[in-house]
Amino acid sequence: MIDTGLPESLEELARLRQGMYRVFAAAFLEPEPDRIRDIVAGTEMLEAMGLPYLAFYREWSRWRDAAVAAAGDPRGLRVEYVRMFATGIGGAISPPTESFYGADPIRGEVGEVLAELRAAYDRYRLAPTDAVADTLDHVSIELEVMAALCAREADSRSAANDRRLELTIGHQREFLDRHLGVWLPHFVARMSAAETVAFYAELGPAVASFVRHDAGVVRFLERSVMEPSR
Amino acid sequence: MSLVVCADHDTPIPTIPGTEVVAIAGLCGDPGSLVAAELAEVEAVMLHAGEFDRGFLQGALRKRGADPLGVPVVELAGPATEPWLTVAAAGALARHRAFPGSGPEHAKMRWPELLSRRRLFAMTVPQYIAAPAIDRTTCAAERGCRLCVDACPSGALRWDAGQVSYDMDLCVACGICTTTCPTGATTNPTATTGQVAAQIRAIVEASDVPVGIEYRCRDAVAAPPVDGWFPVEVPCTGMLTVGWLLAPLVLGAGAIGAPSCTDIGCELGNDLVLKERRKAAGAILDELGSTAERLHRRSRPMVPDPLGSGAGAFGESWGDAEAFLALADALSVDDAVVEAGSAGVVAIDAATCTACEQCTSVCPSTALRSGRIDGEIEITVDPLLCVGCGACVATCPERAHGAITLERCLDVAELVLGRRTVRSATTATCEVCRGPIAPSAMLERIRSMLGPDLAGTVDLISRRCLNCR
Ligand code: SF4
Ligand code: SF4
């Protein structure tokens, strides 16, 4: 049997997905040198978990190479981060927040998007810690939410808690269908239209490709928990 | 650029000019050896059926930076001669070279049937197949087209308020939508007409003897090689329209095979669709004076000589009418009519048509078009593009008076005429601003409907536009 490094159980698969979401979440935070080093270490660890056998590998590997290269120049990355995502400096090119894509600020729907998210996080029993400086609809927060739901799925599987497992997978599906999976493609399209350094240019397609793939995985997981014989 | 062959079972190594051919022993059991091998870009692979795992192979190709969906796999289900391998390899390489590239939107993961709730099938490696994607800029759904939705056997497509939505989870990636779409908006990047044409042409060119092309379903169990016959993989043989079934003959093959992947009945009914279309294609061949004997379910040893060449006029869409006309050309037939295929001849009756242009606004294939020439409305039709969907007739407000009719048939005489004007109509102009009011025929129709009592009103609306009244 060839060792692919791929997860051997659905619990391990959930851990792999958690790791992917976490690495991508970190990539959308300010590129501190330590953070970039952690990201590179994270990509190496994930890479060994059978990523070449998953369809998003092409986009992922391009971004991983860009991350390794960027680790040598974190300063340049910080300038670009501010230019790409931060509001107020020459206008944000690609605002990394759901409300920008899913709301009309003039009609005041930004609040509606945030309220919906707050309600969703309450339902999922997730609350941001004090360390969270971004708004609840920031892409890295939404990616972290998915990471947390994957971690909960893994825990439920290891504890054989079927009720919690079903609920958690339902939450993952809901969150991708109503939030992250809906606006991320628009955000990434905007990122792709902007001229930027390789780290951010490759990050968009990588995260979009992974999230699209994961939506298919979640659908499958949902079907499998609903079939009692399995 | 290279072709990689598993050297097990004493497999002969084909010779392809201009392509590096690399034989690797044990490749089927360990596709990972592809990663370490010193090779140029991998374009196609030849492996032994039932001895390799597609997921492993896809992972190895990805590690090499290749797009696994674009690398054809020739499956050998028995001993093959060197000439056979050479011809099959030439086809696979040509198919790869015509691959338009795939994106994340095309990758559909295939989950194994059996899965325990906590164990992940001792996780076998996931496999991906190519699913279709819709290009919304060319989709005619907002004109009311829903041909793909109606044809989809799995309910993966939905039409809602002028938009088609697609659910990859429900999709079985059969490709039926791609061959049904009259605008080319729905495509599967691994089975485009461009790729299949390139493969068939390369096979025909590489072979010294007449060839038969056997379309093979992606999921069918590979059959042992038969001399003179070459497999061409499609997502599902149910996607083969009459145009697709006839295309190999147009491209120079002598015979076609189009088996269903199952003998016990496809649960989606795609085998029945194929059966109907095979019958229609056979009727066309008979009508054109060739023989339906060129069209088999499975490959037969004897392959007749190819027909004359009609491929020159054969384009990218492989519509039923296009294939019919190309075959008629190849067989020098200029007068034949056959009631088969998705095609039609539209006629407009100038006496009852009001030139409202509703028909042209709903035609998904743009077979019917309208334009303005010197202020006159010109409605034109190109029977080559007509898919016989009947949307024009269903929409015409004057259909009860016979303003538009559709005859579902293929007619060489009509097809050779190409696009032509089927209705010219004058437009009444406003006596004040000189702008257009409405087609004169429509105003006449209103006059006849309202009768003499309201003649004054009709006179007014016939002379002045809405703004100047
Ligand atoms: S490929 Fe087949 S199942 Fe999928 S959307 Fe098209 S017709 Fe439906
Ligand atoms: S058949 Fe083609 S043009 Fe018509 S709705 Fe479907 S994708 Fe759009």
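Scroll up for the structure.
So, how was this worked out
- Residues numbered from 1 in each chain as written.
- Chains lettered and ligands numbered in written order.
- Predicted model: local features only at pLDDT ≥ 70, side-chain atom pairs only at ≥ 80, totals over all residues.
- Heavy atoms only, no water.
- Helix = DSSP H or I, 4+ residues; strand = E, 2+ residues; numbered from the N terminus.
- Rg over C-alpha atoms; globule rule 2.2 N^0.38 Å.
- Buried < 20%, exposed > 50% of the residue type's maximum accessible area, 1.4 Å probe, protein only.
- Core = buried A, V, L, I, M, F, W, Y, C linked by side-chain atoms within 4.5 Å.
- Contact = heavy atoms within 4.5 Å.
- Pairing = 2+ DSSP bridges.
- Axes fitted to C-alpha atoms, helices over the stretch in contact; angles between N-to-C directions.
- Patch = residues over 30% accessible without salt bridge, like charges linked within 9 Å, V, L, I, M, F, W, Y side chains within 5 Å.
- Areas by Shrake-Rupley, 256 points an atom, 1.4 Å probe, with all protein chains shown as cover.
- Salt bridge = Lys/Arg side-chain N within 4 Å of Asp/Glu carboxyl O.
- Lys, Arg positive; Asp, Glu negative; His and termini not counted.
- Charge placed at Lys NZ, Arg CZ, Asp CG, Glu CD.
- Buried area = accessible area lost by both parts, 1.4 Å probe.
- Polar contact = N/O pair within 3.5 Å; in protein donor to acceptor, adjacent residues only side chain to side chain.

Asks: Help me understand the overall build of chain A in this model?
Replies: Check the secondary structure of chain A and you find nine helices and zero strands. Seen in sequence order, chain A has helices and strands lined up from the N terminus as α-α-α-α-α-α-α-α-α. Scaling as 2.2 N^0.38, a compact globule of 230 residues should have a C-alpha radius of gyration of about 17 Å, and chain A matches this with 18 Å. Overall, chain A is about 55 × 45 × 30 Å in size when its C-alpha atoms are taken along their principal axes. The buried share among the 230 residues of chain A stands at 51%.

Asks: Is there a simple way to think about the nonpolar core in this case?
Replies: In summary, soluble globular proteins display a tendency toward joint burial of nonpolar side chains. Judged by nonpolar contacts, the single largest core of 71 residues is most densely connected at Y21, F24, W63, L143, L180 and F199 of chain A. Ranked by residues supplied to this core, first place goes to helix α9 (residues 198-226) of chain A with 12 residues. If we ignore the near neighbours within four places in the chain, the residues touching W63 of chain A are V23, F24, A27, I39, T43, F199, E202, L203 and A206 of chain A. Of all hydrophobic cores here, the second largest spans 67 residues; its members include L76, L85, F230 and A258 of chain B.

Asks: Just checking my understanding: could you explain the sheet that holds strand β3 (residues 42-48) of chain B for this structure?
Replies: Within a sheet, adjacent strands bond to each other through the backbone by hydrogen bonds, running parallel or antiparallel. All names here are of chain B. Pairing is parallel across the open sheet formed by four strands, whose spatial order is β2-β1-β3-β4. On the outer flanks of this sheet lie β2 (20-24) and β4 (73-76), each paired with one strand and no other. Strand-to-strand twist in this sheet, taken as the mean axis angle between neighbours without regard to direction, amounts to 15 degrees. Against the sheet, helix α3 (residues 82-97) contacts β1 (2-6), β3 and β4, and its axis sits at roughly 140 degrees relative to β3.

Asks: Please clarify how a negative patch on the surface should be interpreted in this entry.
Replies: All names here are of chain B. Judged by side-chain charge, D286, E287, D334 and D335 come together as a negatively charged surface patch. With respect to the helices and strands, D334 occurs in the loop between α9 (320-330) and β15 (337-338). A residue is classified by how much of its surface remains accessible, and D334, at 62% relative accessible area, is exposed.

Asks: Could you clarify how one ought to interpret the interface of chain A and chain B in this entry?
Replies: Quoted interface sizes are often the accessible area lost when the parts come together. Each partner contributes to the interface: chain A provides 31 residues, whereas chain B provides 30 residues. Carbon and sulfur atoms make up 59% of the surface buried where chain A meets chain B, a total of about 3,000 Å² over both sides. The interface formed by chain A and chain B contains four salt bridges. A salt bridge links D67 of chain B to R58 of chain A, with the shortest nitrogen-to-oxygen separation between them at 3.5 Å. Summed over the shared surface of chain A and chain B, the number is seven residue pairs in polar contact (both at pLDDT 80 or more). Those elements giving two or more residues to the side of chain A that touches chain B turn out to be α1 (10-27), α3 (57-70), α8 (162-193) and α9 of chain A.

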